[in-house]
Amino acid sequence: MGVEPKKIIEVKNVRKIYRMGNEKIYAVDDISFDIYEGEFCCLLGSSGSGKSTLLNLMAGIEKLTSGQIIMKGQPIHKMNETRLARFRQKYLGFVFQSYNLIGTMTALENVELPLVFKRTPKKKRKTMAKEMLVKVGLKNRLQHKPKEMSGGQQQRVGIARAFVAKPSIVFADEPTGNLDTKTTMEVMNLIREIARDNHQTIVMVTHDQSLAEYADRVIRILDGKVQSIETIKEETNVEEENNGVVGDTADSNCVN
Amino acid sequence: MRISDLIKMGLRNLSRRKARTGLTVLGVIIGTISIVIMVSIGIGMNNSFDKQFMENGAMTVIRIEQYGSIIDDEGNWLGSKEQVLDDNLVDMVRQVDHVKAVAPVLDTSAMLYSGKYETYISLRAIGHEAFAEFGYPELISGAYPTAENNRSVVIPSYVLENYFYNPNSRNYETVAIDPKEDELIFKFNEWRYVRNERKKEFKLDLTNVAIMEESDNWEHNSYVYFDMDYYKEIYTQYANTLKLEDRKKAMAELDTYSYIMINVDNIKNVTQVQEDIEALGYVTYSEMQYLEPLKQTSDMLQMVLGAIGALAMMVSAINIANTMVMSIYERTKEIGIMKVLGCLVKDVKKLFLFEAAMIGLLGGIVGIALSYLASFAINKYGGPLFQTLMQSSGVYDVGDAKFSVIPFWLPFLASGFAMLIGVLAGYFPARRATKISAIEAMKTDS
Ligand SMILES: Nc1ncnc2c1ncn2[C@@H]1O[C@H](COP(=O)(O)OP(=O)(O)O)[C@@H](O)[C@H]1O
Ligand SMILES: [Mg+2]
C-alpha cells in the first residue's frame, strides 16, 4: 500500500433539497468529504439525519440539487442512465436493509444477477456465484429460494450478490437493520473480511453506534450536515498503523 | 443482458402469474381465431365466386350487339338501342388498347333436313380464327374450320340428339341424327325472301360436319357454326336464287353484323375497354358488368368480417397492455433492484417487450391451431348458414364449395400479426417500466 492514500469518492458541497409543497427539506446540506480506497467508512446518524439520501447521491441513485460527486475520477452526477448502469456493473455493489432478493430466483440465480446484466458468460458466472456463496457459508443453500431461508441467510446471499462482480466499492444501507444482534455480528464480520481480502471500499449507513467499531472511519451526520469525522483505532498491528496515517489525514478534513 | 438470459427471465416472469398470463393469452387466442376464421371465410367466398363466374363465363369477352341493352349501374335494363355494326366498326375496335381479338358475328336462322326429319336451327357465322381465340368447346369428331378448309360446319351434339323431328308425325317426337350415317341437307328459311321461279331452290348437302361436345354454356349447345367466308359464299349462292328485289335486300344483310365479340387481354382491363368503346358511341355488354356490383357486395361483406376479427384483436391488445401495466406495478421494486444492480434501461425495455410479444405469439400459435379446427367444423357443419350468407352476395352455386379456406400464408401472417399486436400493446408499458427509478430499490416500506 502506498503512503499517500488514494481518494476513491469525492463528495464536494453536495446538497439535496426536497420540496414538499412550499416547504424545503434540506436532506443533505452542503456536505463535503472524501472516501479512500480500501477503507470501511461508516455514515452514522440518527433516523432522518440524511444518511440514506447521502448514500443514494453517492451511488448515483438520486440526482443531487447542487455540488459534485466524483467516483474513481468520474463525475457521477453528470452521467446518464446508461453510463451509470455500466459504471455500476463495473465498480459498484449494493447491500440492502431488506435484502432485496428476487423472490422467484434461487440463491444462486440471485447472486448471478449482476453478472447476467454484465453479460458474463454462463459458465464463468455460475462458478463465480458458487464461489461467492461458499465464501458466505451457504454452499448447502444454492438452490433455495429466499422464502426458504432465514433473514441472516438471505442477507448472506445479498452480500454474495454485492461482491460477486468484484466491485471496487460496496454501498450498504442499514445492512443489519432487520437482523438480531448475533446475526448482525456475523454479517458485519463477513462484509469486513471479504472487503479486506480484496481491498474493496465499503460505505455503510447505520444509526447503530455499536456498528461503528467495525469501520475504519466514522462520519457522523446530523440534520444533513457532517458533524464529525473520526478514525477508529484498533489493536495495533502493522497494517492498522498504516491506517492510522490515513486517519490523520482524514481528521484534518473534520468539520468540527 | 444476453438474449438467452432475457428469454429465460421473461418466461419466468410470465409463468409466475400463470392464471393472469393464461387469461391474457386466451384473449389473443380468441382474437386470432376471429381474424383467421373471418379471413378464411372471405377467401372461401371469393373462391366460390371465382369458380362460379370465371369458369363458365368467358370473363374477358365484351360484345357489341345490334340491339344493345342499356343497363344502369345496378344492372337494371332501361331499354335498347339499335346500332350499325359494320367492318368499319370492327376495324375501329381493333385499335382499342388491350383488345386481343375481335370477331364479327352473323346470326340467322335456317333449316336442316335428314330424310323425313327436320329442324329449325340458329346459325352463327364467325371468322375461323375466332374458334381458337374465343375458346370454343372440344369437338367429338371433325375439325373447326380453318383457312385451308373453311367448309367444315360445326353442329353441337345437343342439336343432333334433341332437335330433329318428323313434322308429319302426331307427337313430334325427336330423334337423334348421326351425320356419318344420315344425310344432312341445309336450306335457308323459305319465308323470308321470294325465290325466282326460274331458278332451282338453294340446297346444301352437308358432308363435312364437325360435332361439338355438350357444354355448360347454352349458347354453344344451340348454334350451328359456319366459317364467315364460307357462309358469305353460300349465302351469295342462295341470294342468286331469289327474285331481283329480294336479292338486293338479302345481300345487304351481309354488310351489318348481329354482334361483335371482343376478347380483352386481361380481366382487369374489361371495364376500361368497355368504357373506350362506349366513348365511340356504342353500347356494350359483358359478364363483368353484372359481376361488378355482386363483387362489391361480396367485398363489403368480407370487409365487415375482417372488421369483426380486427375488433377482437384490438380487445386482446388492450388486454395485453393491461396485463403488462399490472405486471409493472407489481414489479416496481424488482425493476428498481435490477437497475441498482446494473441492468441497462434498454434491457428493461426489451424484457417487457419480450413478455408482451410472447403473450401475443403464444396466443397466435394456439389460436391458429384452433382456427384449423374451427375451419374444419365450418366446412363440415356450417353449410346451411353459409349458403344463405353467400347467396346474399351473389354466389348461388355453392355445391361442394368450401366456406372457410386457410391458405398457407395465413397462419404465418396471423402469428406475426399477433406478435406485433403484443409488441405494440407492450410498448408503452415497457417504456413506463424504464422510467421506474433505481430509488425504488432503496425504499424499505414494503
Ligand atoms: N423522497 C423524499 N421526499 C421528501 N423528503 C424526503 C424524501 N426522502 C427523504 N426525505 C427526507 O429527508 C430527510 C433525510 O432522510 P433519510 O436520508 O432517509 O434519513 P436517514 O436515512 O438518515 O434516516 C428526512 O427528513 C426525510 O423525511
Ligand atoms: Mg435511512
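Parameters and conventions
- Residues numbered from 1 in each chain as written.
- Chains lettered and ligands numbered in written order.
- Predicted model: local features only at pLDDT ≥ 70, side-chain atom pairs only at ≥ 80, totals over all residues.
- Heavy atoms only, no water.
- Helix = DSSP H or I, 4+ residues; strand = E, 2+ residues; numbered from the N terminus.
- Buried < 20%, exposed > 50% of the residue type's maximum accessible area, 1.4 Å probe, protein only.
- Contact = heavy atoms within 4.5 Å.
- Areas by Shrake-Rupley, 256 points an atom, 1.4 Å probe, with all protein chains shown as cover.
- Buried area = accessible area lost by both parts, 1.4 Å probe.
- Salt bridge = Lys/Arg side-chain N within 4 Å of Asp/Glu carboxyl O.
- Pairing = 2+ DSSP bridges.
- Axes fitted to C-alpha atoms, helices over the stretch in contact; angles between N-to-C directions.
- 1 Å grid on protein atoms, 1.4 Å probe; cavity = no way out; pocket = protein on both sides within 12 Å on 5 of 7 lines; lining within 4 Å.
- Points joined across faces, edges and corners; volume = space filled by probe spheres on them.
- Nonpolar A, V, L, I, M, F, W, Y, C, P; charged D, E, K, R; others polar.
- Near = heavy atom within 4 Å.
- Polar contact = N/O pair within 3.5 Å; in protein donor to acceptor, adjacent residues only side chain to side chain.
- pLDDT = per-residue confidence, 0-100.
- Core = buried A, V, L, I, M, F, W, Y, C linked by side-chain atoms within 4.5 Å.
- Parallel < 35°, antiparallel > 145°, perpendicular 65-115°, else oblique.
- Left-handed = near helix turned anticlockwise from the far one by under 90°.
- Right-handed = clockwise from strand over helix to strand, strands pointing away.

Once that is clear, we can look at the overall build of chain A. Assigned secondary structure in chain A consists of seven helices and ten strands. Out of the 256 residues in chain A, the part that is buried amounts to 55%. Counted over contacts in chain A with a minimum sequence separation of 6, partners at least 24 positions apart contribute 68%. Total accessible area on chain A stands at roughly 11700 Å², and carbon and sulfur atoms take up 47% of it.

Our focus in this paragraph is the interface of chain B and chain A. Of the residues lining the interface, 27 residues belong to chain B; the matching set on chain A comes to 29 residues. Carbon and sulfur atoms make up 61% of the surface buried where chain B meets chain A, a total of about 2600 Å² over both sides. Considering only the side of chain B, the residues that lose the most area to chain A are B:R2, B:L341 and B:M442, jointly responsible for 24% of the buried surface there. Put simply, chain B and chain A have four salt bridges between them.

Below, the discussion takes up the pattern of salt bridges. Tallied over the full model, the rule gives 28 salt bridges over all chains. Of the charged contacts, one joins B:D347 and B:K350 as a salt bridge, the two residues approaching to 3.9 Å between their closest N and O atoms. A residue pair is termed a helical-turn pair when its members lie 3 or 4 positions apart in one helix, as B:D347 and B:K350 do in helix 12 (residues 345-381) at three residues. Looking at B:D347, the relative accessible area reads 2%, which means it is buried. Owing to a relative accessible area of 36%, B:K350 belongs among the partly exposed residues under this scheme. Among the charged side chains, a network of salt bridges with common partners joins A:E112, A:R125, A:K126 and B:D5.

All names here are of chain A. Pairing is mixed in the open sheet, where six strands are placed in the order 6-7-8-3-9-10. Looking at which strands have only one partner, the edges of the open sheet turn out to be strand 6 (92-95) and strand 10 (225-231). Shown here is a sheet whose adjacent strand axes are inclined to one another by a mean of 15 degrees, direction ignored. Bridging between strand 3 (residues 40-44) and strand 8 (residues 201-206) involves five bridges; their strand directions are parallel. Bridging across to strand 8, L43 finds its partner in V205. Where helix 2 (residues 81-91) meets the sheet, its contacts fall on strand 6 and strand 7 (169-173), and the angle it forms with strand 6 comes to roughly 80 degrees.

A few words now on empty space enclosed by the protein. Summed over the entire model, instances satisfying the criterion amount to seven cavities of 30 Å³ or more. Estimates place the volume of the largest cavity at around 140 Å³. Around the largest cavity sit A:M105, A:E109, A:E112, A:L113, A:V116, A:R125, A:K126, B:D5, B:K8, B:M9 and B:R12, which together line it. Listing elements by their share of the lining of the largest cavity, those giving two or more residues are helix 3 (107-117) and helix 4 (122-135) of chain A together with helix 1 (3-16) of chain B. In terms of residue class, the lining of the largest cavity is made up of four nonpolar, no polar and seven charged.

Our next topic: helix 3 of chain A. In terms of burial, helix 3 of chain A is a largely internal element, eleven of the eleven residues being buried. Where helix 3 of chain A is concerned, the buried positions are A:A107, A:L108, A:E109, A:N110, A:V111, A:E112, A:L113, A:P114, A:L115, A:V116 and A:F117. Looking at the packing, one finds that the buried side of helix 3 of chain A touches helix 2, helix 4 and helix 5 (151-163) of chain A together with helix 1 and helix 11 (332-340) of chain B. A:R119, located one to two residues past helix 3 of chain A, shows a positive phi value of around 65 degrees.

Once that is clear, we can look at the site of ligand 1. Residue and element names in this part refer to chain A. Around ligand 1, the surrounding shell consists of Y18, M20, A27, S46, S47, G48, S49, G50, K51, S52 and T53. For ligand 1, an oxygen atom lies 2.9 Å from a polar atom in the side chain of K51. One of the side-chain nitrogen or oxygen atoms of T53 is found 2.5 Å away from an oxygen atom of ligand 1. Protein chains bury 62% of the 550 Å² of accessible surface belonging to ligand 1 in isolation. If you list the elements that add at least two residues to the shell around ligand 1, you get strand 1 (7-20) and helix 1 (51-58). The leading source of residues in the shell around ligand 1 is helix 1, at three residues.

Okay, the pairing of strand 12 (residues 209-212) of chain B next. Residue and element names in this part refer to chain B. Residues V209 and I211 line one face of strand 12 and the alternating positions A210 and M212 line the opposite face, and both faces are buried. As paired strands, strand 6 (residues 139-141) and strand 12 are joined by two bridges and run antiparallel to one another. By the bridge assignment, L139 is partnered in strand 12 with M212.

Residues and elements named next belong to chain A. If you trace the four strands from one edge of the open sheet to the other, you get 2-1-4-5, paired in antiparallel fashion. In this open sheet, the two strands that pair with only one neighbour each are strand 2 (23-36) and strand 5 (74-75). Direction of pairing for strand 1 relative to strand 2: antiparallel, over a ladder of ten bridges. Counterpart to R19 in the pairing with strand 2 is K24. Its contacts with the sheet put helix 1 on strand 1, strand 2 and strand 4 (66-71), and the angle it makes with strand 2 is roughly 60 degrees.

A few words on unusual backbone geometry. Working note: non-glycine residues mostly have negative phi, and peptide bonds are mostly trans. Residues and elements named next belong to chain A. Phi angles above zero are rare outside glycine, and H199 is one such case at about 55 degrees. Along the polypeptide, H199 turns up in the loop between helix 6 (181-197) and strand 8. Judged by relative accessible area, which is 39%, H199 ranks as partly exposed. Of note, D223 is a non-glycine position whose phi angle comes to about 50 degrees, a positive value. Residue placement: D223 occurs in the loop between strand 9 (217-222) and strand 10.

A residue-level look at chain B finds 93% of positions with pLDDT of 70 or above and a mean pLDDT of 86. Scoring of the predicted complex yields 0.71 for pTM and 0.88 for ipTM.

Residues and elements named next belong to chain A. Secondary-structure assignment places S168 in the loop between helix 5 and strand 7. Only 3.5 Å separates the side chain of S168 from the side chain of K72, close enough to count as a polar contact. Dropping the residues within four chain positions of it, S168 is found in contact with I8, K72, Y91, Q200 and T201.

Here the focus is the nonpolar core. Core analysis: the biggest nonpolar cluster contains 80 residues, and A:I9, A:F33, A:M58, A:F171 and A:V203 have the highest contact counts within it. If we skip the residues at most four places from it in the chain, A:F171 touches A:I9, A:L55, A:M58, A:A59, A:M71, A:L92, A:G93, A:F94, A:V95 and A:V203. Counting residues in each nonpolar core, the second largest holds 71 residues, with B:F134, B:L184, B:I277 and B:M288 among its members.

Moving on, we get to the packing of helix 3 of chain A against helix 5 of chain A. All names here are of chain A. For the pair helix 3 and helix 5, interaxial distance at closest approach is 7 Å and the crossing angle is 30 degrees. Comparing their axes, helix 5 and helix 3 come out roughly parallel. The two elements helix 3 and helix 5 cross, and the hand of that crossing is right-handed. Note on element contacts: helix 5 touches helix 3 through V157, A160 and R161, opposite A107, N110, V111 and P114.

This brings us to the pairing of strand 7 of chain A. All names here are of chain A. Extensive coverage of strand 7 is indicated by the burial of five of its five residues. Neither face of strand 7 is left uncovered, since the one carrying I169, F171 and D173 and the one carrying V170 and A172 both have all their residues buried. With five bridges joining them, strand 7 and strand 8 adopt parallel strand pairing. Following the sheet pairing, A172 is matched in strand 8 by M204. Read from strand 7 through helix 6 to strand 8, the crossover connection turns out right-handed.

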